[in-house]
Amino acid sequence: MRYRQLTTGTLALGVLLLIDVLRVWLPGIITIFGQAASTPAELMGAFALGWFVLAMGAPAVVRRVGARPVTVVAAVALAVARLALTAAPGGRTQLWLATAGLLAGLVWLVGVAADTDRPVPGLALGFAVNAAVHAVLDTVDLVWRGDWVAWLLSAVAVAVFLAGTAQAGQRGGAGNALAGPADAPVGPADAPAGPGGGRAWLLAGPALLLAGMVALSPALARTGMSYLVAGDGVARSPLFGLAPVPVAVAGFLCAALTRPPSGWGRAYGPVALLGGAVLFALDRGDLLLPAILLAAVGLGACLALTDDASQPAIDTASAGTAGGTSASRRGYAVAAGMLVFALGAVGYYSAYDLGYPNAAVPVVVAVLIAAMAFTARPVVHRLPGPFPPLRAAAAVTALALLAPVLADEVPVASNRDGPPERLTVVAYNIRMGFGLDGRFDLTGLAQVVDRQRPDVVLLSEVDRAWLLNGGHDTLDLLSDRLGMPYVFGPAADPVWGDAVLSRWPVRDPRTLPLAAVGAPTGAQALAVTLDLGDGVRTAVVSTHLQPPPGKGPVVQARAVADFATRYAAGRPLVVGGDLNTEPGDEAFAEFTRAGLVDALAAARPLATSPADDPRQQIDHIFVSPGLTPGDPVAPHSTASDHLPVAVTVTLPPR
């Protein structure tokens with residue numbers, strides 16, 4: 001039993017480290033290897049898939065060299081890469097460190113699969129603990145923190161993982177009937193790996209994809225809670241936004257680690273998983289929470305159905321041949337499963353660049369998992385798990401319960417003494433929180449914004465849970481650092497869009513979906529009303545226009561200008577964001593034609609993109625004629641690929 005606990009714990013910890021590496025490597029494809037707006041999505045996808053295809057050769061290496069040497073070398077490489085990434089070096093160094101860690105992690109999984117016929121407990125614990133830790137860390141992993149606490153905890157995790165790998169190798173070598181004399185006694189705790197486990201290993205990759213996208217995503221849980229606060233298609237800063245995470249973790253682990261029901265009762269997991277995937281695919285913010293909870297329980301139950309852990313009768317005469325064949329099959333199974341992970345991730349997220357429907361991707365992956373699980377052979381005499389299921393679930397859930405207490409902050413806006421004479425407005429395309437060097441740079445973003453002492457901030461390219469970008473809730477994190485509550489308007493899907501942060505209370509939020517007109521990524525306009533006290537109101541609109549290929553965003557600009565002026569209804573109005581048009585363009589003229597004034601005119605030319613060598617004037621702020629703009633500026637920063645623009649507007653006399 002102790003050996004199985006060691007093996008399971010080491011597998012869980014290795015999965016946790018691999019997911020940490022993935023959270024750096026995946027966004028690096030866009031922010032370092034290429035640029036989402038200029039590098040072809042097909043090229044970025046080929047780069048991503050290539051490493052998973054390369055890992056398909058690992059089972060042949062394991063078969064020739066042996067599982068233990070490959071596992072140990074790959075574990076060391078994964079540990080070194082993970083620890084090195086804590087330095088957050090940025091640039092190509094960061095990309096290639098993460099790539100080395102990814103490839104090492106894939107090879108390590110293949111090596112572990114050769115010796116492990118019962119991966120479900122370790123995989124389930126790895127997924128759940130990672131989600132709990134990610135939530136407690138407020139969705140910012142240790143990799144991006146870089147302080148002494150991050151170094152200490154990362155070093156401890158790496159050291160324990162390597163010690164567990166070494167100890168498991170010694171125990172496995174001593175107890176494996178293939179490594180010792182044919183008449184050596186073999187017991188249940190140290191028996192050689194049996195013929196099972198292939199189906200569970202095959203589902204490791206697809207399960208990781210759905211866990212990261214839906215079932216065990218703390219950022220998605222918080223986003224779902226934020227939609228419950230506001231309604232009307234927008235989201236607001238929630239109270240205890242991470243509260244669903246412990247529920248999802250508990251449901252997932254209880255379902256994964258306990259014996260599944262018999263007969264048609266086995267269908268509850270596949271049905272729940274399919275239901276959660278369909279709700280997620282509907283792209284509605286108010287359905288995110290039920291999607292998460294259904295997917296979590298369903299995914300855990302599907303993994304349990306593939307846990308074919310019955311004690312095999314050991315025939316030492318045929319153990320060598322059967323063991324080698326089963327080990328090879330498990331290796332190819334986990335490599336193929338991780339390739340499914342890559343195909344699903346690339347297929348889902350590249351749709352936002354290429355413009356094809358992607359809602360079917362999570363549903364298809366869920367169908368694959370559900371079918372594999374439901375058709376698995378029921379196990380009559382199941383071996384006990386390495387850990388008591390309820391105790392293990394309770395321990396990880398207790399860790400997740402710390403998240404709503406430690407990581408949830410809710411900034412509160414309140415009226416000051418009387419209406420202000422001026423408002424400082426900042427508009428900023430934050431590129432999902434990643435700087436030009438590819439680092440997740442919340443500190444840099446918050447500092448450049450805070451130096452302007454803003455009253456209201458308009459954000460574009462806000463990502464709240466995309467697995468491709470690391471699974472962060474960038475909006476909530478910036479809201480906490482700036483001390484400003486937010487209103488969020490979804491554009492591409494419920495977790496990608498634009499936001500308004502305000503030091504003043506916000507009323508009557510509305511969002512207008514904009515026609516794509518051939519542009520692949522969705523767009524919207526988010527309108528809010530600032531309550532400045534004594535009955536003084538100012539309308540604010542945040543948007544990010546998406547031009548169709550080879551054209552300007554004329555149709556969207558006209559729609560936003562019309563929507564904004566109608567929403568303001570004569571009140572002072574501010575419109576801003578990444579408009580992807582320059583002064584003199586037809587789309588730019590749509591705003592001036594609507595009677596709005598270029599608030600940055602006094603500082604023209606005021607280039608904002610790219611941030612390290614600004615040449616394009618595509619980020620703008622417009623105001624209604626009653627407002628007097630002053631002090632326009634585009635402060636230098638490389639915390640995004642755009643520069644922010646800021647202006648102070650004087651309100652009309654009352």
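A quick note: this is a predicted structure, and the numbers were derived from the prediction, not measured. Per chain, residues are indexed from 1 in the order of the written sequence. Per-residue local features are limited, in this predicted model, to residues with pLDDT of at least 70; the limit for side-chain atom pairs, both in listing and counting, is 80 or more; totals at the level of whole chains, interfaces and linings are taken over all residues. Hydrogens and water molecules were not included; the side-chain quantities draw on all heavy atoms of the structure.

Student: An account of the state of the cysteines is requested, with residue identities and associated values reported.
Tutor: Pairs of cysteine sulfur atoms within 2.5 Å are what we label disulfides. Applying the stated criterion across every chain yields a total of 0 disulfides. Cysteine 254 takes part in no disulfide bond, and the closest cysteine sulfur to it belongs to cysteine 302, at a distance of 16 Å. We call a residue buried when its accessible area falls under 20% of the maximum for its residue type, exposed when it is over 50%, and partly exposed in between, using a 1.4 Å probe and counting protein chains only. The class of cysteine 254 is partly exposed, set by a relative accessible area of 29%. Among the residues examined, cysteine 302 registers a relative accessible area of 0% and is labelled buried.

Student: Please give an account of helix H3 (residues 58-65) that cites residues and values.
Tutor: Under the DSSP-based scheme used, a helix requires at least four consecutive residues in state H or I and a strand at least two consecutive residues in state E, with every element numbered from the N terminus. Listed in full, the buried residues belonging to H3 are Ala58, Pro59 and Val62. Down the axis of H3, the buried side of the element spans an arc of 100°, and every buried residue falls inside it. Opposite the packed face of H3, turned more than 90 degrees from it, sit the exposed residues Arg63 and Arg64. What the arc measures is the spread of directions leading from the helix axis to the C-beta atoms.

Student: Can you tell me about the packing of aromatic side chains, naming the residues and giving the values?
Tutor: The criterion for an aromatic pair is that two Phe, Tyr or Trp rings (for Trp, the six-membered ring) have centres within 6.5 Å, with stacked assigned to planes under 30 degrees apart, edge-to-face to planes over 60 apart and tilted to the rest. Evaluated as defined, the whole model comprises 21 aromatic pairs. Relative to tryptophan 96, the ring of phenylalanine 47 lies with its centre 6.0 Å away and its plane at 75°, an arrangement referred to as edge-to-face. With a gap of 49 residues between them, phenylalanine 47 in helix H2 (residues 41-54) and tryptophan 96 in helix H5 (residues 91-115) connect regions that are remote in the sequence. An aromatic cluster is built from Trp25, Phe33, Phe47, Trp51, Phe52, Trp96 and Phe341, whose rings are joined through pairwise contacts. Residue placement shows arginine 464 over the ring face of phenylalanine 488; its charged tip is 5.2 Å from the ring centre. Between arginine 571 and the ring centre of tyrosine 567, over which it is positioned, the NZ or CZ distance is 5.4 Å. Sitting over a ring, as applied to charges here, requires NZ of Lys or CZ of Arg to be within 6 Å of the ring centre and within 35 degrees of the ring normal.

Student: Explain the sheet that holds strand E11 (residues 619-623) to me, and be specific about the residues and the numbers.
Tutor: Strands are labelled as partners when DSSP assigns at least two bridges between them. Spatially, E6-E7-E8-E9-E11-E10 is the arrangement adopted by the 6 strands of the open sheet, whose pairing is mixed. Every other strand in the sheet has two partners, leaving strand E6 (506-514) and strand E10 (597-598) as the edge strands with one partner each. Here strand E9 (residues 573-578) runs beside E11; their pairing, made up of 5 bridges, is antiparallel. Each bridged residue has a counterpart across the sheet, and for aspartate 578 the counterpart in E11 is aspartate 619. Residues count as neighbours in contact if any of their non-hydrogen atoms are within 4.5 Å of one another. Orientation is described by lines fitted to C-alpha atoms, with helices fitted over the stretch in contact, and by angles between N-to-C directions that extend from 0 to 180 degrees. The strands that helix H21 (residues 554-568) touches are E6, strand E7 (523-531), strand E8 (537-544) and E9; relative to E6, the one it contacts most, it runs at about 155°. Along the sheet, helix H22 (residues 586-593) contacts E9, E10 and E11; its crossing angle with E11, the most-contacted strand, is approximately 20°.

Student: Tell me about the nonpolar core, and please be specific about residues and values.
Tutor: Remark: nonpolar core denotes a set of buried residues (Ala, Val, Leu, Ile, Met, Phe, Trp, Tyr, Cys) joined through side-chain atoms within 4.5 Å. Core analysis: the biggest nonpolar cluster contains 155 residues, and Trp25, Phe252, Leu253 and Leu459 have the highest contact counts within it. In contact with tryptophan 25, other than residues within four places in its own chain, are Phe47, Ala48, Trp51, Phe52, Leu95, Ala98, Thr99 and Leu102. By size, the runner-up hydrophobic cluster in this structure holds 30 residues, among which are Leu423, Val540, Val574 and Ala611.

Student: So what's going on with the confidence of the model for the protein? Which residues, and what values?
Tutor: pLDDT is a residue-level measure of predictor confidence that goes from 0 to 100. When pLDDT is averaged along the protein, the result is 91; 92% of the residues meet or exceed 70. Taken together, the stretch residues 173-191 has pLDDT below 50 and engages in 21 contacts with residues farther than four places along the chain or on a different chain. Below pLDDT 50 for its whole length, residues 313-319 participates in 6 contacts with residues either more than four positions away or in separate chains.

Student: Kindly report on the environment of leucine 162, identifying the contributing residues and their values.
Tutor: Considering the arrangement of structural elements, one finds leucine 162 in helix H8 (residues 148-175). A residue is classified by how much of its surface remains accessible, and leucine 162, at 27% relative accessible area, is partly exposed. Leucine 162 sits 86 residues away from valine 76 along the chain, and the two C-alpha atoms are 6.9 Å apart. Contacts of leucine 162, omitting those with residues within four sequence positions, involve Ala75, Val76 and Ala79.

Student: Before we move on, can you summarise a nonpolar patch on the surface with the specific residues and values?
Tutor: Here a patch means residues that are over 30% exposed by relative accessible area and free of salt bridges, tied together within 9 Å if like-charged and within 5 Å if nonpolar (Val, Leu, Ile, Met, Phe, Trp, Tyr). Areas reported here follow the Shrake-Rupley algorithm with a probe of radius 1.4 Å; residue values treat only the protein chains shown as occluding. When a carboxyl oxygen of Asp or Glu lies within 4 Å of a side-chain nitrogen of Lys or Arg, that pair is called a salt bridge. Side chains of Trp148, Val149, Leu152, Leu153, Val156 and Val160 sit close together on the surface and give an oily, nonpolar patch of about 580 Å² of accessible area. Mapped onto the elements of the fold, valine 156 is located in helix H8.

Student: An account of unusual backbone geometry is needed here, citing residue identities and associated values.
Tutor: Of the consecutive residues arginine 604 and proline 605, the connecting peptide bond is found in the cis state with omega at -5°. Here proline 605 shows up in the loop between E10 and E11. In the segment running from serine 609 into proline 610, the intervening peptide bond is cis, with an omega of -10°. Mapped onto the elements, proline 610 comes out in the loop between E10 and E11. At alanine 88, a residue that is not glycine, the phi angle is positive and equals roughly 45°.

Student: I'd love a proper account of the pattern of salt bridges, names of residues and values included.
Tutor: Taken as a whole and judged by the stated rule, the model has 21 salt bridges. Across the pair arginine 222 and aspartate 476 runs a salt bridge whose closest N-O atoms are separated by 3.3 Å. Placement of the pair is arginine 222 in helix H11 (residues 218-230) and aspartate 476 in helix H20 (residues 474-482), with a sequence separation of 254 residues. The class for aspartate 476 is buried, based on a relative accessible area of 3%. For the salt bridge of aspartate 508 with arginine 510, the shortest nitrogen-to-oxygen distance reads 3.1 Å. Classification of aspartate 508 as partly exposed rests on a relative accessible area of 36%. What emerges from the salt-bridge pattern is a single network uniting Asp138, Arg222, Asp408, Arg464, Asp473 and Asp476.

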